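Inside the fold
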Amino acid sequence: MNKITNKTILAATLMLCTAAISAAGARKSHRQTSPYKGYIFAYFEGTGDADKQEHLRFAVSEDAKNWFALNKNRPVVSSDTISESGGIRDPHILRGEDGHTFYIVATDMNTRKHGWKENPGIVLMKSDDLVNWTHAKINLSKDYPENFGDAYWVWAPQTIYDKKAGKYMIYFTLQRNDRKSLITYYAYANDDFTGFEGEPKVLFSAKYGSIDNDIIYKDGTYHLFYKGNTKNEEGKEVKNGIQQTTSRSLLGKWKEDFKYVDSYAGTKTHVEGSSVFKLNDRDEYVLMYDLYSSGRYEYQTSRDLKTFTSKPQSFRKDFFPRHGTVTSLTAKELERVQSKWGYVLKHDIESNGNPIFKHKFTADPAVLVHNDTLWLFTGEDFAGNQRGYTMKDWLVFSTTDMKHWTEYPVPLRPTDFSWAKNRPAYAGHVAERNGKFYWYVSTNSGGIGVAVANRPEGPYTDALGKPLLTKKDCFASTHGWACIDPAVFIDDDGQAYLFWGNRECYYVKLKENMIETDGDIHQVAIDASHPFTEAPWVHKYNGKYYLTYASEWPEKIAYAMADKVTGPYEVKGIISEIAGNSNTTHPAIVNFRDKWVFFSHNGGLPEGTSYSRSVVAEPMEYNPDGTIKKINPSTEGMQFKEWSGNPILPGMHADPEILYSEKTGRYYIYSTTDGHPGWGGWYFTCFSSDNLVDWRDEGIILDVCKDTKWASGNAWAPAIIEKKVDGQYKYFFYYSGNAGNAKAIGVAVADSPTGPFVDLGHPIVNKRPAGLKNGQQIDVDVFNDPDTGIDYLYWGNGYMAGARLNPDMTSIDTTTLKLMTPRGGSLSDYKYREAPYVFKRNGLYYFLWSVDDTGSPNYHVVYGTSKSPLGPIEVAKDPIILIQEPESEIYGPAHNSVLKVPGKDEWYIVYHRINKNYLPKDKGPGYHREVCIDKMEFNADGTIKRTIPTHKGIKAIK
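Quick summary incoming for the structure in this document. Model, not experiment: these values are computed from the prediction.

1. Brief notes about the overall build of the chain
Per the secondary structure count, the chain includes seven helices and 59 strands. Overall size of the chain, expressed as C-alpha extent along the three principal axes, is 120 × 85 × 50 Å. Looking at the chain as a whole, 58% of its 958 residues qualify as buried. Put simply, of all contacts in the chain between residues at least 6 apart along the chain, 52% involve residues at least 24 apart. For the chain, the distance from the average site of its 112 positive side-chain charges to the average site of its 117 negative ones is 4 Å.

2. Details of unusual backbone geometry
Following G252, the chain continues into K253 via a peptide bond in cis, with omega recorded as 20°. Considering the arrangement of structural elements, one finds K253 in the loop between β14 (237–247) and β15 (255–256). Of note, the amide linkage connecting G755 to P756 takes the cis form, showing an omega dihedral of 10°. Assignment of secondary structure puts P756 in the loop between β47 (742–750) and β48 (758–759). With a phi close to 60°, N444 is a non-glycine residue in the positive phi region. Inspection of the secondary structure assignment puts N444 in the loop between β27 (436–442) and β28 (448–453).

3. Overview of the pairing of strand β10 (residues 183–188)
Successive residues of a regular strand alternate their side chains across the two faces of the sheet. With six of six residues buried, β10 is to be regarded as a mostly interior element. Burial along β10 is two-sided: I183, Y185 and A187 and T184, Y186 and Y188, pointing in opposite directions, are all buried. In this structure, strand β9 (residues 167–176) lies alongside β10, joined through six bridges in antiparallel fashion. Directly across from I170, in β10, lies its bridge partner A187. What sits between β9 and β10 in their antiparallel hairpin is a turn of six residues, with R179 showing a positive phi close to 60°. Pairing of β10 with strand β11 (residues 201–204) involves three bridges; the strand directions are antiparallel. Across the sheet, T184 pairs through a bridge with F204, a residue of β11.

4. Points about the pattern of salt bridges
In this structure the tally under the stated criterion is 44 salt bridges. Between E516 and K511 there is a salt bridge whose closest N-O contact spans 3.8 Å. Of the residues examined, E516 reaches a relative accessible area of 36% and is grouped as partly exposed. Between K730 and D751 there is a salt bridge; the shortest N-O distance is 2.6 Å. Note that K730 is positioned in strand β46 (residues 728–739) and D751 in the loop between β47 and β48, a separation of 21 residues in sequence. Residue K730 is classed as partly exposed on the basis of its relative accessible area, which comes to 26%. Salt bridges sharing common partners tie together D281, R282, E284 and R303.

5. What to know about the environment of G87
Relative to the helices and strands, G87 resides in the loop between β3 (68–69) and β4 (88–95). Given a relative accessible area of 0%, G87 falls into the buried group. Between the alpha carbons of G87 and F382 there is a distance of 26 Å; along the sequence they are 295 residues apart. Beyond its immediate stretch of four places on either side in the chain, G87 contacts E54, S79, T107, D108, M109 and N110.

6. Observations regarding the state of the cysteines
Summed over all chains, the structure comprises zero disulfides. Free of any disulfide, C505 has its nearest cysteine sulfur in C474, 10 Å distant. Classification of C505 by relative accessible area gives buried; the value is 1%.

7. Some words on the sheet that holds strand β20 (residues 321–329)
Reading across the sheet, the four strands line up as β3-β2-β1-β20 and stay open at both edges, with antiparallel pairing between neighbours. The open sheet has two edge strands, β3 and β20, and neither has a second partner. In terms of strand pairing, strand β2 (residues 57–61) meets β3 through two bridges, oriented antiparallel. Across the sheet, the residue bridging to A59 is A69, located in β3. Running at roughly 130° to β20, helix α6 (residues 331–341) makes contact with β1 (38–45), β2 and β20 of the sheet.

8. Re the sheet that holds strand β49 (residues 781–784)
Reading across the sheet, the four strands line up as β49-β50-β51-β52 and stay open at both edges, with antiparallel pairing between neighbours. Looking at the sheet topology across the chains shown, the edges are occupied by β49 and β52 (818–819). The sheet contact formed by strand β51 (residues 801–804) and β52 spans two bridges and is antiparallel. From the neighbouring strand, A801 faces β52, where its bridge partner is L819.

9. Focus on the nonpolar core
Within soluble globular proteins, side chains that are nonpolar generally end up buried alongside one another. Counting residues in each nonpolar core, the largest one holds 81 residues, and the members touching the most others are F58, M402 and F599. Counting residues per element, this core draws most heavily on strand β24 (residues 391–399), which supplies five residues. For F58, the contacting residues outside a window of four places in its chain are I40, F41, A42, Y43, A69, L70, V76, I104, L130, W133 and W341. Counting residues in each nonpolar core, the second largest holds 21 residues, with V105, I170, F172 and A187 among its members.

10. Description of the side chain of T406
With respect to the helices, strands and loops of the structure, T406 is situated in strand β25 (residues 404–407). According to the relative accessible area criterion, T406 is buried, its value standing at 13%. Engagement of the side chain of T406 in a polar contact is seen with the side chain of D348, the distance being 2.9 Å. Those residues within four positions of T406 in sequence are excluded, and the remaining contacts are K346, H347, D348, V396, F397 and S398.

Each value, and the rule that gives it
- Residues numbered from 1 in each chain as written.
- Predicted model: local features only at pLDDT ≥ 70, side-chain atom pairs only at ≥ 80, totals over all residues.
- Heavy atoms only, no water.
- Helix = DSSP H or I, 4+ residues; strand = E, 2+ residues; numbered from the N terminus.
- Buried < 20%, exposed > 50% of the residue type's maximum accessible area, 1.4 Å probe, protein only.
- Contact = heavy atoms within 4.5 Å.
- Lys, Arg positive; Asp, Glu negative; His and termini not counted.
- Charge placed at Lys NZ, Arg CZ, Asp CG, Glu CD.
- Pairing = 2+ DSSP bridges.
- Salt bridge = Lys/Arg side-chain N within 4 Å of Asp/Glu carboxyl O.
- Disulfide = S-S within 2.5 Å.
- Axes fitted to C-alpha atoms, helices over the stretch in contact; angles between N-to-C directions.
- Core = buried A, V, L, I, M, F, W, Y, C linked by side-chain atoms within 4.5 Å.
- Polar contact = N/O pair within 3.5 Å; in protein donor to acceptor, adjacent residues only side chain to side chain.

What follows is the structure, encoded as structure tokens:
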């Protein structure tokens, strides 16, 4: 406790109210700032090969509840390299006073070889990185024969730093050959932690003896927890469990209270190996102990080390520890031990083609897109070159680009299902409904179960306590492994279906709660030309249902189509041939970032086999009739662009107009359809994206020859605006077309940014402003003044005109029409030609236009500013924004639109350039153009920086 001095009384009084509020908040949250991000558990194993149990192992956790063994639960240090006996037990790990040195002490004991006979040894270990350890050994009877030559058991040593002495104390339980008592002794370690400074001394002698001592300091008191007992007058033990004794001094005197703190004292369930550690983020302590007779490991918690929660809780773990201890780790330390012995906590992976993951074996993919993130669920084949399907758990990964992945701690294991007697982690599938995630998995003959979680990464828990489906539900099957490979499909009406099967394919409806079937089970008839083997997957595209599945042996991927999810299904053929180096394969199909992705597995890693498999992904495409194109394996796999690249749209397009839609949260580009001689395009298409990198073709939105009464072709240079009309979003699409012998501007309206658009029926601008003899009514732009809410229309080739739009958005207020053509300039700088574009930033109106001819390499973008939406325009001192880069083979970059990212002062310029292969005049450079995008930036004074056109484009945005 801090002492209160006279100097602090006044300050404390003045700050009383604030301090009281802060203290109340602290008491309420119990949250603390900690440099530690997780924990390490040092233990020896209680199951498996007896010769391999008594070796040092590590596990890690981020929350001290969910634990994951490092090195696949194999030893991190082999005991036969560090101990006399060839084994170690009861490892205790301590972070040193310097913050970066770690110490381990353990019982030198090998019960496999020697049973519970004499074991007077201690192993001492030291490391500054948790990976590389030095070691030493103490044999108490040999090293100190005068007073400890009769040492029989030296058990469960631990280390604590004695601040008063400035030394590390090692304490342990000693039983001598007379076998009469269990007394706690201590000695100080020497400076290099290779032995004792001197002979041990008595630290604590419990009335009835003690083992497995563990000391922790809190608020001026040392708490020593130990396995103790109570005896009757005849000296017979009548009770045992975890007790504690306390002292104000590390060297005692220790005060026993003879109370039991564990929940099992006095019951037939016995515990030992208690260890106490503090949680990283709160003033709370965990008392954990080994239920050695039942193989469990449980814990209780306390805030004061006096009163503990009465109900024990179980750790979630993938190992079976015996008498271990825990200390906290920093993020760097967690990374270091996982880098050495394998990642088991959340971490990032960069994938470079197929197989997607190369650090472990993954199989049976299932996929889900949630909140713009793709989640991949797999089984794990436990080893390379293995024989047989040894799959001990399921895994989960996520990505937003198919290159950068996050792997999460193991979310689900077969042992999480108490009913699963046969426990391989067979294929599963995750579905989301009402904010919960349901993982349907099969465990071979155990049937199909369902686990549930609140997050896609889990952890998941058994939702039913029994199988959802068993072999009895596979009415047409006679073999024992028919109830496997579940796959869920939720139709547009919200009805969920579960498909599954081996040799025979079945389906059943699921109830809204997703954990009960609804109605009869049905069999899906599959044509014998490509018979059903296993691994069904159902998806929907353009109103058709697709059932994809593994067919024959070795397996290929076949598919069938239907008009209803329940069939009948018509087999269409093979889309993926036999997987490389694997007899099995398993499909999963998803639409992600507007592209279809096909997942499966093969044996593609160096140690891969039919039983050591790896998940792969490839792009998937459809033919015009809806059938699926053949999918060929590749090492590149499915890749999404990190950068847009330029051009960003396929084919020839020009005069791009970009829109961000509040209604859909997507970006849209509308353009002149290019590549037609004499600029003869007659329809407009639309492309959409959620990141400005991946663009989806939304098809034709307006055909001026079919959809208008007045235009006969030359569909050019559109503009669009999103408006709310009577609470509903409307889209007004402005464009130019041929109206007899002259160009005119029309407008079409839709309820969606992708149409269908309905033309007004007549042009809204069909003649030049009064007094002009030259120029065309083309290159329209629409602008909403964000400060006044007033809308404006701009247009003109050879001149720039502007006018207010009337509230109906389909006519202009002719009384406001102004001729705004910037005067002066030359083709080398700012002489106006066409393509006005207007936006507003920081109260200033920016006017952009194009200079020179669209077929000229010199075609470029310049700008001026104004304090009014209708001018006059002041040409910028350095007016050029965008111009050709011949050294990069970029020519004629102009006719632009501008995008401001919603909620950010982040700007992009979208423009067209001449396709370099059509640069000669005889090849029609003016109508062989391509759409590009680059970032646009401003100087501190509001002037626009010159944009250097690139081939790389921009990075994806969110």
